[in-house]
Amino acid sequence: MQMNTKIISIEEEKASPEALKEAGEIIKKGGLVAFPTETVYGLGGNALDETASEKIYRAKGRPSDNPLIVHICRIEDIFLIVEEMPETAKKLADAFWPGPLTMILKKSGKVPDTTTGGLDTVAVRMPGHKTALAFIQAAGGYVAAPSANISGKPSPTLAKYVEEDMGGRIEMIIDGGEIAIGIESTIVDLTGGIPVILRPGYITREMLEDVLGTVDVDKAILEAGSKQAPKAPGMKYKHYAPQGDLTIISGRQEKVVAEINRRCEEMEKRGERVGVIGTDSTVSLYRAGSIKSAGSRGEEATIARALYRILREFDDEGVTVIYSEAFEGKTGSKGIGQAIMNRLLKAAGHHLEQI
Ligand code: AMP
Ligand code: MG
């Protein structure tokens, strides 16, 4: 069903109460509103209303066994939706909420099965973004939201990409400008013995270990072709993918640049439209195609912020073949290199070549 999507602009911290009220009312009536968070834009509906969750799956074209994250605006609100709040969850909430961390906990009977994709656990996050928090409050306190993109496409970091994917499918988009972090929240499963990271993000393993002691990482998420099924259902799907065919080339910098240049020339001769993802220090070395810098290797946050935007820009430019440098997170580093590489590998369908 085609509908009119209203777009309102709200600068963080400057939300008019009327605008938030209008957005909140849409959610309370069972409608959908896309809103900014510090990670990516979310596609929100009432988490406690099973038909709202169904609408989210439909608007995204998302498989309904891929659960949504429930967003709250006060830590104490979590007690309604979880069966128990383990000590680990209390510590993490104290340390990282509001912020880019999602916790998996046993769900209470208040959360419909549609929201959790039939699982008996629920994903919960309190975002660190003023507009998001005010919107969640106006919406009644429990907003189920996956990223506001059509399933499979890169998550939106600008409202214009939300509009491209969701225009005509949802009631409202809150435009909060460019997103600060640019990749989705870290997901940590607290339902077993040792906490397990199901999706890497801005909050790193080292940061979690500082608070909890040992934390494991779900093996399925970084290894290409791992036979093990990922524990976050969403991680098994093709994701974040541009329309062009993306290959990551890893190795010594000079070799990588030379190899990408060679392939670009070859592909252009074949009539392909080529895109290159480099960094500030290498972009001047590439010769062919649409060349983009993801940012600075010294500041991985710049790369996280730019990645999805670049993939979307290639789509807009009709790029058919993409080569990217690799962005390995150094072991033990506090950076988000691991999260960046996780998303890039998925965008490339795990097509990584070591040279
Ligand atoms: P998105 O908000 O689009 O990033 O999607 C939410 C992510 O959280 C997906 O990868 C889901 O599979 C994951 N997720 C949500 N709820 C659960 C849960 N109860 N257990 C494990 N993963 C979950
Ligand atoms: Mg998503």
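Here is a short report on the structure shown in this document.

1. Remarks on the overall build of the chain
So, point 1. Check the secondary structure of the chain and you find nine helices and 16 strands.
So, point 2. A compact globule built from 355 residues would reach a C-alpha radius of gyration of about 20 Å, and the chain, at 20 Å, matches this within 12%.
So, point 3. Dimensions of the chain, computed from the C-alpha atoms along their principal axes, are close to 55 × 50 × 35 Å.
So, point 4. By residue count, 57% of the 355 residues in the chain fall in the buried class.
So, point 5. Residue pairs at least 24 apart in sequence account for 68% of intrachain contacts in the chain once pairs closer than 6 positions are excluded.
So, point 6. Summed over all atoms, the accessible surface of the chain reaches about 14,700 Å², with 48% contributed by carbon and sulfur.
So, point 7. Side-chain charges in the chain split into 44 positive and 50 negative, and the spacing between the mean points of these groups amounts to 2 Å.

2. Quick notes on the pairing of strand β13 (residues 274–278)
Strand residues, when the strand is regular, have side chains that alternate between the two faces of the sheet.
So, point 1. Burial within β13 is extensive, with five of its five residues counted as buried.
So, point 2. Of the two faces of β13, both are covered, the one formed by Val 274, Val 276 and Gly 278 as well as the one formed by Gly 275 and Ile 277.
So, point 3. As paired strands, β13 and strand β15 (residues 321–325) are joined by four bridges and run parallel to one another. Note that in β15 the partner of Gly 275 across the bridge is Ile 322.
So, point 4. With four bridges connecting them, β13 and strand β14 (residues 290–293) associate as parallel partners.

3. Looking at the packing of aromatic side chains
So, point 1. In this structure the tally under the stated criterion is two aromatic pairs.
So, point 2. Measuring from ring centre to ring centre gives 4.8 Å for Phe 35 and Phe 135, while their planes differ by 45°; the resulting arrangement is tilted. With Phe 35 in strand β2 (residues 33–35) and Phe 135 in helix α4 (residues 130–138), the pair connects residues that are 100 residues apart, well separated along the chain.
So, point 3. Since its relative accessible area comes to 0%, Phe 35 is described here as buried.
So, point 4. Given the relative accessible area of 0%, Phe 135 is considered buried.

4. What about helix α5 (residues 159–166)?
Side chains of residues three or four places apart in an α-helix project in the same direction, reflecting 3.6 residues per turn.
So, point 1. Within α5, the full set of buried residues consists of Ala 159, Tyr 161, Val 162, Asp 165 and Met 166. Down the axis of α5, the sector holding all buried residues measures 155°, keeping them to one side.
So, point 2. One or two steps after α5, the chain reaches Gly 168, where phi turns positive at roughly 85°.

5. Focus: the nonpolar core
So, point 1. Core analysis: the biggest nonpolar cluster contains 65 residues, and Met 103 and Phe 135 have the highest contact counts within it.
So, point 2. Here Phe 135 is in contact with Leu 20, Ala 23, Gly 24, Ile 27, Val 33, Phe 35, Val 143 and Ile 174, once residues within four sequence places are set aside.
So, point 3. Val 40, Ile 181, Val 319 and Met 341 belong to the second-largest nonpolar core, a separate cluster that totals 28 residues.

6. So, the site of ligand 1
So, point 1. Lining the immediate environment of ligand 1, one finds 21 residues, of which Arg 62, Asn 66, Thr 121, Arg 199 and Gly 234 sit closest.
So, point 2. Residue Asn 66 places a side-chain N or O atom 2.9 Å away from an oxygen atom belonging to ligand 1.
So, point 3. Within the side chain of Arg 199, an N or O atom sits 2.5 Å from an oxygen atom of ligand 1.
So, point 4. A total of 500 Å² of accessible area belongs to ligand 1 in isolation, and the protein chains cover 96% of it.
So, point 5. Of the pockets mapped on this structure, ligand 1 occupies the largest pocket.
So, point 6. Residue assignment for the shell around ligand 1 shows that the elements contributing at least two residues are β6 (121–125) and β10 (196–199).
So, point 7. With three residues, β6 is the single largest residue contributor to the shell around ligand 1.
So, point 8. Class assignment of the residues belonging to the shell around ligand 1 gives a composition of 13 nonpolar, four polar and four charged.

7. Some points on the sheet that holds β10
So, point 1. Ordered in space as β1-β8-β2-β3-β7-β4-β6-β5-β9-β10-β11, the eleven strands form an open sheet in which the pairing is mixed. Edge strands, defined here as strands with exactly one partner in the open sheet, are β1 (6–9) and β11 (216–217).
So, point 2. Where strand β4 (residues 69–71) lies against strand β7 (residues 143–145), three bridges are found, and the strand directions are antiparallel. Bridge pairing links Ile 69 to Ala 145 in β7.

8. Considering the packing of helix α8 (residues 300–316) against helix α9 (residues 337–347)
So, point 1. At a minimum axis separation of 9 Å, α8 and α9 run at an interaxial angle of 20°. Compared by their axis directions, α8 and α9 come out roughly parallel. By crossing handedness, the relation of α8 to α9 is classed as left-handed. Residue-level contacts link Glu 300, Ile 303, Ala 304, Leu 307, Tyr 308 and Leu 311 of α8 to Gly 337, Ile 340, Arg 343, Leu 344 and Ala 347 of α9.
So, point 2. Of the residues that constitute the contact of α8 with α9, the class distribution is eight nonpolar, one polar and two charged.

Procedures and definitions
- Residues numbered from 1 in each chain as written.
- Chains lettered and ligands numbered in written order.
- Predicted model: local features only at pLDDT ≥ 70, side-chain atom pairs only at ≥ 80, totals over all residues.
- Heavy atoms only, no water.
- Helix = DSSP H or I, 4+ residues; strand = E, 2+ residues; numbered from the N terminus.
- Rg over C-alpha atoms; globule rule 2.2 N^0.38 Å.
- Buried < 20%, exposed > 50% of the residue type's maximum accessible area, 1.4 Å probe, protein only.
- Contact = heavy atoms within 4.5 Å.
- Areas by Shrake-Rupley, 256 points an atom, 1.4 Å probe, with all protein chains shown as cover.
- Lys, Arg positive; Asp, Glu negative; His and termini not counted.
- Charge placed at Lys NZ, Arg CZ, Asp CG, Glu CD.
- Pairing = 2+ DSSP bridges.
- Phe/Tyr/Trp six-rings, centres within 6.5 Å; stacked < 30°, edge-to-face > 60°.
- Arc of directions from axis to C-beta.
- Core = buried A, V, L, I, M, F, W, Y, C linked by side-chain atoms within 4.5 Å.
- Near = heavy atom within 4 Å.
- Polar contact = N/O pair within 3.5 Å; in protein donor to acceptor, adjacent residues only side chain to side chain.
- 1 Å grid on protein atoms, 1.4 Å probe; cavity = no way out; pocket = protein on both sides within 12 Å on 5 of 7 lines; lining within 4 Å.
- Sits in = over half its atoms within 2 Å of the grid points.
- Nonpolar A, V, L, I, M, F, W, Y, C, P; charged D, E, K, R; others polar.
- Axes fitted to C-alpha atoms, helices over the stretch in contact; angles between N-to-C directions.
- Parallel < 35°, antiparallel > 145°, perpendicular 65-115°, else oblique.
- Left-handed = near helix turned anticlockwise from the far one by under 90°.

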